[in-house]
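Take a look at the letters that make up each chain.
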Amino acid sequence: MTDALTLFDDLLPAETPVDSRLLQVRTVYAEPAAAASPRGRQVLARFPGAEVVEVPSHWQIPDLHGNEGNVERWVRVKTETLVLGVKKSVSVRPNGRSADFIAPSTANGCAMACAYCYVPRRKGYANPITVFTNIDQITGSLRRHVARQGVKPEPNECDPVSWVYDLGENSDCSVDALVSDNVADLVATFRELPTAKASFATKYVNRQLLDLDPQGRTRVRFSVMPEADAHLLDVRTSRVSERIAAVDDFVAAGYEVHLNFSPVVLRDGWEADWTALLQQLDDELGDAAKAQAATEIIMLTHNEQLHEVNLGWHPQAEDVLWRPELQQPKRSQNGQLNVRYRNHVKRAGVDRLQQLIREHAPWLRVRYAF
Ligand code: SF4
């Protein structure tokens, strides 16, 4: 074990140490090349008290991963640990629903712990943030991909004009931006790409992002749900009211700001609570935000394995997430057993929510419902 400051004392750049309840980092597991890179040194400088533990690969850290059912342990790991790695594959993947493409991840894992989250599916539940330090390689790959697409030939549900690249498939970019400048570099990259737009969903309000001058080329999708659901399911996130209060400020700072109704959980009283949420949005968002707003509706998908894990630490969440009488199984590509609302239940839920939107927030365009 090596002290970060001993290893890199003369080399660490000047950085303001991170001051967040989510991240009180004591240990950074690092691939040597990642720790020695400029981005890796930046992360270490933001957490000057952390010890650095060399690891051969960010995928193989037995102390960290797993711990199913032991949420105290996960939260401690998520709070006190970071990982630095080099991303091997920096390829762009097609998507077509929320975004046209999925950008290569610049991070993997999350300091928050939502009960329905699918992000830990590959590294286990105590899945702290891994920062990928080869950011120049990733932004270079993105620039070349955007150039190859040319101008978007016709509008689609992702965007009428721009190719949309999702940045945050495996992490929450607002928290990632506390840890390193990867998100700032991505926002700066898309600022100079007039045919493309970055997009990420978030459940955390990081006001440092207001200084990044995105010039309309980055879409932030604030995920919202009724406070009663969030209280039960969104563990460690910013409160929904705080996310809503941030929308106008992010629009004023040059972001396109959309909403994510995600996940929509069907339970007793859901219609009344979504009505109240839509009325709150109608009351609190300014005209500029409403004029550009759109939302996605994503009905809950759950997973048998995650259900078993949640029963071990948060069984109340499973009262609303695991509803076999309303759900049908679907075997996923990786062999896991997912469940989602039965077709007619889902259709009725989506239709009812769209009707509520028309009644209470008629300015809100539904970009897609799934
Ligand atoms: S904020 Fe997003 S990535 Fe993080 S735990 Fe919640 S759903 Fe998962």
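Attention here is on the structure that accompanies the text. (Residues numbered from 1 in each chain as written. Predicted model: local features only at pLDDT ≥ 70, side-chain atom pairs only at ≥ 80, totals over all residues. Heavy atoms only, no water.)

## Let's talk about the pairing of strand β10 (residues 196-202)
Here is the rule: Only protein chains enter the accessibility calculation, which uses a 1.4 Å probe. A residue is then buried if its area is under 20% of the maximum for its type, exposed if over 50%, and partly exposed in between. Each helix is a run of DSSP H or I of at least 4 residues and each strand a run of E of at least 2, with the numbering of both proceeding from the N terminus. One bridge is not enough; two strands pair if DSSP finds at least two bridges between them.
With six of its seven residues buried, β10 lies for the most part within the structure. As paired strands, strand β9 (residues 163-166) and β10 are joined by four bridges and run parallel to one another. The residue of β10 that forms the bridge with Val164 is Lys197. Note that β10 and strand β11 (residues 218-224) share five bridges and pair parallel. Its bridge partner being in β11, Ala201 is matched across the sheet by Arg221.

## What about the site of the ligand?
Condition: What makes a residue near a molecule or strand is one non-hydrogen atom of that residue sitting within 4 Å of it. Three classes are used: nonpolar for Ala, Val, Leu, Ile, Met, Phe, Trp, Tyr, Cys and Pro, charged for Asp, Glu, Lys and Arg, and polar for all others, with Gly counted as polar.
Around the ligand, the neighbouring residues are Cys110, Met112, Ala113, Cys114, Cys117, Val119, Asp172 and Lys203. Its residues assigned to classes, the shell around the ligand shows six nonpolar, no polar and two charged.

## Describing unusual backbone geometry
With an omega of -10 degrees, the peptide bond running from Ser262 to Pro263 counts as cis. For Pro263, the position within the fold is in strand β12 (residues 256-264). Although it is not a glycine, Asp213 sits at a positive phi angle of roughly 50 degrees. In this structure, Asp213 sits in the loop between β10 and β11. For Asp213, a relative accessible area of 37% corresponds to the partly exposed category.

## Remarks on the sheet that holds strand β16 (residues 337-341)
Note on sheets: strands pair through backbone hydrogen bonds, and any given pair is parallel or antiparallel. Basically, it comes down to this: Note on definitions: angles span 0 to 180 degrees between N-to-C directions of axes, and those axes are lines fitted to C-alpha atoms, for helices only across the stretch in contact.
On the basis of which strands lie adjacent, the open sheet formed by three strands has the order β14-β16-β15 and antiparallel pairing. Among the strands making up the open sheet, the edge pair consists of β14 (301-303) and β15 (327-331). Across this sheet, the average inter-strand angle for adjacent strands is 35 degrees, counted without regard to direction. Sheet topology places β15 next to β16; five bridges connect them, and they run antiparallel.

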